[in-house]
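Reading the structure
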Amino acid sequence: MMAMTQIANEARSRVAMVEGKRPSLSVRTSAVVFGFAFIWAGIGLWLVPGLDLTPMILLSKMGISILLVTAGVGLTQIATQKPRQELHFDQRNRQLLVFEGLPRRRKHVAQAINYEDIGRVDVSDTRLTVLGADGGEIVGLPLDGPHARLDAIAQLRSQTMLPL
């Protein structure tokens, strides 16, 4: 059983290392440049007068401009995507897992905190903060308002973080 747990933990850490990488700075920069170029090309297509404004030419312009603007917005999203963080409680291993969301609904474990290392949890309307036994902040996550605060409190109350 111990060998299977060790293999699973090694596989999880390897996956986290591979999936945790963001696109490089050059890829993000070129995506932004080409994205804005596509958006301006889609808009600029309507500024250039045509020789003949028949319905087929207008339909072609519309199709090409929609395609260019959509591709441009998609390219600019590559550079602006921010990873999201979520908390998950692992009762079996007695750990608080901080998952980081990646594009295409993938997730990886950014941080694993043992229940014994948690000293206190502060929950406000805007932030959930997990403090260690020494009083230092282990992890802090933003909350979306009072409804998220109540959900976080309910989830924390349902967990028994006391030693067995």
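Predicted model, so just to flag it, every value in this text is computed and none were measured.

Let us now look at the nonpolar core. Within the largest apolar cluster, 14 residues are counted, with the highest numbers of intra-cluster contacts made by L96, I113, I118, L128, V130 and V139. Listed by contribution, the elements that provide at least two residues to this core are strand 2 (95–102), strand 5 (127–132), strand 6 (137–142) and helix 4 (146–158). For this core, the element with the highest residue contribution is helix 4, accounting for 3 residues. Not counting residues up to four positions away in its chain, the partners in contact with V139 are V98, Q111, I113, L128, T129 and V130.

Moving on: a nonpolar patch on the surface. There is a patch of nonpolar side chains on the surface, built from W46, L53, M56, L58, L59, M62 and I66 and spanning about 720 Å² of accessible area. With 5 residues, the top contributor of residues to the nonpolar patch is helix 3 (residues 55–80). Here M62 shows up in helix 3. By relative accessible area, M62 is classed as partly exposed at 40%.

Two elements, strand 4 (residues 118–123) and strand 5, share 5 bridges in a ladder whose sense is antiparallel. When the bridges of strand 5 are listed, I118 appears paired with G132. Between strand 4 and strand 5, which pair antiparallel one after the other, the connecting turn spans 3 residues.

Here we come to the side chain of S65. Structurally, the position occupied by S65 is in helix 3. Filtering out sequence-adjacent residues up to four positions away, S65 remains in contact with G42, L45 and W46.

Take the confidence of the model for the protein chain next. Per-residue confidence for the protein chain gives a mean pLDDT of 76; residues scoring 70 or more make up 79%. Mean pLDDT across the elements of the protein chain bottoms out in helix 1 (residues 2–19) (44) and peaks in helix 2 (residues 25–47) (91). Contacts from residues 10–20, a stretch scored under 50 in pLDDT, to residues over four places away or in other chains number 10 contacts.

For the rest of this paragraph, the subject is the packing of helix 2 against helix 3. Look at helix 2 against helix 3: their axes get within 7 Å of each other, and the N-to-C directions meet at 160°. In this view, helix 2 runs roughly antiparallel relative to helix 3, as classed from their interaxial angle. Note that helix 2 runs across helix 3; the crossing there is left-handed. Residue classes in the contact of helix 2 with helix 3 are distributed as 19 nonpolar, 5 polar and 2 charged.

Okay, helix 4 next. The end-to-end C-alpha distance of helix 4, which contains 13 residues, comes to 18 Å, matching closely the 18 Å that a straight helix rising 1.5 Å per residue would cover. Turning to helix 4, its buried residues are A148, A152 and L156. Mapping the buried residues of helix 4 onto a view down its axis gives an arc of 70°, with all of them on the same face. Away from the buried face of helix 4 by more than 90 degrees, exposed residues P146, H147, L150, D151 and R157 are located.

What counts, and at which threshold
Residues numbered from 1 in each chain as written. Predicted model: local features only at pLDDT ≥ 70, side-chain atom pairs only at ≥ 80, totals over all residues. Heavy atoms only, no water. Core = buried A, V, L, I, M, F, W, Y, C linked by side-chain atoms within 4.5 Å. Buried < 20%, exposed > 50% of the residue type's maximum accessible area, 1.4 Å probe, protein only. Helix = DSSP H or I, 4+ residues; strand = E, 2+ residues; numbered from the N terminus. Contact = heavy atoms within 4.5 Å. Patch = residues over 30% accessible without salt bridge, like charges linked within 9 Å, V, L, I, M, F, W, Y side chains within 5 Å. Areas by Shrake-Rupley, 256 points an atom, 1.4 Å probe, with all protein chains shown as cover. Salt bridge = Lys/Arg side-chain N within 4 Å of Asp/Glu carboxyl O. Pairing = 2+ DSSP bridges. pLDDT = per-residue confidence, 0-100. Axes fitted to C-alpha atoms, helices over the stretch in contact; angles between N-to-C directions. Parallel < 35°, antiparallel > 145°, perpendicular 65-115°, else oblique. Left-handed = near helix turned anticlockwise from the far one by under 90°. Nonpolar A, V, L, I, M, F, W, Y, C, P; charged D, E, K, R; others polar. Expected span 1.5 Å × (residues − 1). Arc of directions from axis to C-beta.

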